[in-house]
Amino acid sequence: MMPHMLTRSLDRAATSFILIVAACGILIPLSNLLLPAGSALQVPTYLVALWGKYVCYAILALSIDLIWGYCGILSLGHGAFFALGGYAMGMYLMRQIGSRGVYGNPILPDFMVFLNWPKLPWYWYGFDMFWFAALMVVVVPGLLAFCFGWLAFRSRVTGVYLSIITQAMTYALLLAFFRNDFGFGGNNGLTDFKDILGFNVQAEGTRAALFALSCLALIVAFAICRGVVSSKLGKVLIAIRDAESRTRFLGYRVESYKLFVFTLSACMAGVAGALYVPQVGIINPSEFAPGNSIEAVIWVAVGGRGTLIGAALGAIVVNYAKTFFTSGALAPYWLFMLGALFVLVTLLLPKGIVGTFNFWWEPFKTKRTEGNAESAAREDGISEPKLAE
């Protein structure tokens with residue numbers, strides 16, 4: 001039933017998006033590994049890691065678009081779930097260092113040895129096993145989102161008040177993870193990773209595999225989102241977005257729907273963070289910064305809220321622009337440019353890039369469909385009845 005629902009939810013644009021991402025996930029790693037260095041078609045390893053980071057951001061943007069574009073929940077703290085998933089993966093990678101650290105302690109990470117921790121904290125137990133870390137990547141962000149959402153939605157906190165509370169949540173986590181006695185590396189965070197599943201994190205093959213896995217995760221996340229928004233559940237979510245009070249009056253348990261989609265979105269963000277960390281090589285409290293969550297919302301707005309494809313495209317386009325403009329003379333002005341981009345998109349393209357394209361394309365598509373139907377009717381000898389004079 002689930003595969004049938006996902007297949008039914010994929011239109012031509014969605015199928016094309018999946019095929020493009022799949023092609024990138026296959027061709028880019030093969031180009032990096034098989035073609036000789038210096039070849040015009042060879043993708044350097046640093047670009048593989050950079051584009052892998054963009055793909056992780058695209059998954060985060062999808063998770064935000066699912067709740068904001070289709071349910072009207074504007075979260076300004078989704079970076080917290082992204083960072084928690086990253087920390088869960090970072091803890092596993094730190095445990096894999098073992099005695100190869102600076103201080104040679106087979107159990108304690110270097111920062112714990114430096115701070116004279118006598119033993120490993122209980123919440124680090126189990127992170128020496130990949131399956132446990134992978135489970136925590138989903139469980140920790142999902143559990144936090146469930147608890148937060150249960151309290152917020154049950155109290156019927158909506159609109160700007162909910163946005164402010166989510167921002168306060170991620171700022172509180174930022175302050176907590178900055179503390180050295182919290183057990184997560186303080187302001188330096190977790191870094192100096194060596195292996196993942198026994199493979200060197202810095203190796204070209206590992207980088208290529210992580211990129212391919214990120215593309216696969218993007219495809220799965222997109223398919224899940226399409227399955228949700230194209231189902232009856234998605235219709236209820238849109239109704240909640242457009243008229244929450246009326247939907248509640250019709251007998252729907254609005255809080256349960258919002259809680260489900262908010263928790264699902266947080267789990268997706270956690271997976272994105274887990275894939276992000278081994279490709280970047282570090283996770284620190286700056287990932288909890290409220291500015292990061294606000295920037296992710298801008299990605300969705302630029303690409304097109306409520307389109308899914310636009311959210312992923314916006315994340316890639318904006319981050320590519322960020323990489324391009326922060327490497328030259330315009331670097332000090334990047335934040336001003338980002339703010340100006342958001343303002344211009346809001347004023348000139350309120351539906352975003354993909355949303356505006358769909359708005360312009362829809363009349364032409366409808367006209368072409370009607371023309372094809374009329375042509376087919378004429379070929380079959382069917383004509384509309386004429387009114388009697």
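Overview of the structure. What you see is a predicted model, and the numbers here were worked out from it, not measured in a lab. (Residues numbered from 1 in each chain as written. Predicted model: local features only at pLDDT ≥ 70, side-chain atom pairs only at ≥ 80, totals over all residues. Heavy atoms only, no water.)

1. Description of a nonpolar patch on the surface
This is how it is decided: Exposure above 30% relative accessible area and the absence of a salt bridge qualify a residue for a patch, where like charges join within 9 Å and nonpolar side chains (Val, Leu, Ile, Met, Phe, Trp, Tyr) within 5 Å. Method for areas: the Shrake-Rupley scheme with a 1.4 Å probe, in which residue coverage is limited to the protein chains shown. Take a side-chain nitrogen of Lys or Arg and a carboxyl oxygen of Asp or Glu: if they are within 4 Å of each other, that pair is a salt bridge. Put simply, DSSP marks the helices as runs of H or I at least four residues long and the strands as runs of E at least two long, and each gets a number from the N terminus on. Buried residues are those whose accessible area, probed at 1.4 Å on protein chains only, stays under 20% of the maximum for their type, while exposed residues exceed 50% and partly exposed ones sit between those limits.
A grouping of Ile26, Leu27, Leu30, Leu33 and Leu34 is seen on the molecular surface, where their side chains present a nonpolar patch of about 500 Å² in accessible area. One can find leucine 34 in helix 2 (residues 12-34). Residue class for leucine 34 comes out exposed when judged on its relative accessible area of 64%.

2. What to know about the nonpolar core
Definition in use: In plain words, nonpolar cores are sets of buried Ala, Val, Leu, Ile, Met, Phe, Trp, Tyr and Cys residues tied together by side-chain atoms within 4.5 Å. We call two residues contacting when some pair of their heavy atoms lies within 4.5 Å.
Membership of the largest hydrophobic core comes to 109 residues, with the highest contact counts inside it found for Trp124, Leu190 and Phe288. Leaving out residues up to four positions away in the same chain, tryptophan 124 has contacts with Met91, Met94, Arg95, Pro109, Phe111, Met112, Gly183, Phe184 and Leu190.

3. Details of the packing of aromatic side chains
Definition in use: In this analysis, rings of Phe, Tyr and Trp, with Trp reduced to its six-membered ring, are considered paired at centre separations within 6.5 Å, and the interplanar angle assigns stacked below 30 degrees, edge-to-face beyond 60, and tilted for intermediate values.
Within this structure, the stated rule accounts for 24 aromatic pairs. When the ring of tyrosine 57 is compared with that of tryptophan 299, the centres are 5.0 Å apart and the planes differ by 50°; the resulting orientation is tilted. Separated by 242 residues along the polypeptide, tyrosine 57 in helix 3 (residues 45-71) and tryptophan 299 in helix 12 (residues 290-303) bring together distant segments of the chain. Classification of tryptophan 299 as buried rests on a relative accessible area of 3%. Judged by centre distance (5.3 Å) and plane angle (65°), the rings of phenylalanine 177 and phenylalanine 182 are edge-to-face.

4. Details of empty space enclosed by the protein
The condition is simple: Cavities and pockets are found on a 1 Å grid laid over the protein atoms alone: a cavity is a set of points where a 1.4 Å probe fits but cannot escape, a pocket is an open set with protein on both sides within 12 Å along at least five of seven lines, and a lining residue has an atom within 4 Å of such a point. Grid points are joined across faces, edges and corners, and a volume is the space filled by probe spheres set on the points. Polar here means any residue other than Ala, Val, Leu, Ile, Met, Phe, Trp, Tyr, Cys and Pro, which are nonpolar, and Asp, Glu, Lys and Arg, which are charged; Gly is therefore polar.
Using the criterion set out here, one finds two cavities of 30 Å³ or more in the structure. Space inside the largest cavity adds up to approximately 70 Å³. In terms of lining, the largest cavity is formed by Met94, Arg95, Ile97, Gly98, Gly101, Asn105, Pro106, Ile107, Leu108, Pro109 and Asp110. Residue composition of the lining of the largest cavity, grouped by class: six nonpolar, three polar and two charged. Reported here for the second largest cavity is a volume of approximately 30 Å³. If you go around the second largest cavity, the residues you meet are Ala152, Phe153, Arg156, Val157, Thr158, Glu244, Arg248, Val254, Glu255 and Lys258. Elements with a contribution of two residues or more to the lining of the second largest cavity: helix 6 (130-154), helix 10 (244-249) and helix 11 (254-280). Here the lining of the second largest cavity is composed, by residue class, of four nonpolar, one polar and five charged.

5. What to know about the layout of surface pockets
The space that makes up the second largest pocket amounts to roughly 400 Å³. Around the second largest pocket sit 18 residues that line it, and Tyr57, Tyr276, Asn292, Glu295 and Lys322 are the ones nearest its centre. Only helix 3, helix 4 (78-95), helix 12 and helix 13 (309-325) provide two or more residues apiece to the lining of the second largest pocket. With five residues, the single largest contributor to the lining of the second largest pocket is helix 12. Taken together, the residues of the lining of the second largest pocket sort by class into seven nonpolar, seven polar and four charged.

6. Topic: the side chain of asparagine 284
Basically, it comes down to this: Pairs of N or O atoms are called polar contacts if they sit within 3.5 Å, as long as, within protein, a hydrogen donor faces a hydrogen acceptor (for residues adjacent in sequence, only side-chain-to-side-chain pairs).
With respect to the helices and strands, the residue asparagine 284 is situated in the loop between strand 4 (282-283) and helix 12. Here the side chain of asparagine 284 touches serine 286 through a polar contact of 2.3 Å, side chain to side chain. The residues touching asparagine 284, leaving out its near neighbours within four places in the chain, are Tyr87, Asn187, Asn188 and Gly189.

7. Notes on the side chain of serine 163
Residue placement: serine 163 occurs in helix 7 (residues 159-178). Take serine 163: its relative accessible area is 4%, and that puts it in the buried class. Leave out the neighbours within four places in its chain, and serine 163 touches Leu74 and Leu76.

8. What about the environment of alanine 13?
Mapped onto the secondary structure, alanine 13 falls in helix 2. For the pair alanine 13 and alanine 266, spaced 253 residues apart in sequence, the C-alpha to C-alpha distance is 26 Å.

9. Thoughts on the pattern of salt bridges
A full pass over the atoms with the stated rule returns nine salt bridges. In this structure, lysine 258 and glutamate 244 form a salt bridge, with 3.4 Å as the shortest nitrogen-oxygen distance. One end of the pair, lysine 258, is in helix 11; the other, glutamate 244, is in helix 10, with 14 residues separating them in the sequence. Among the residues examined, lysine 258 registers a relative accessible area of 5% and is labelled buried.

Geometric values such as these leave the question of function open.
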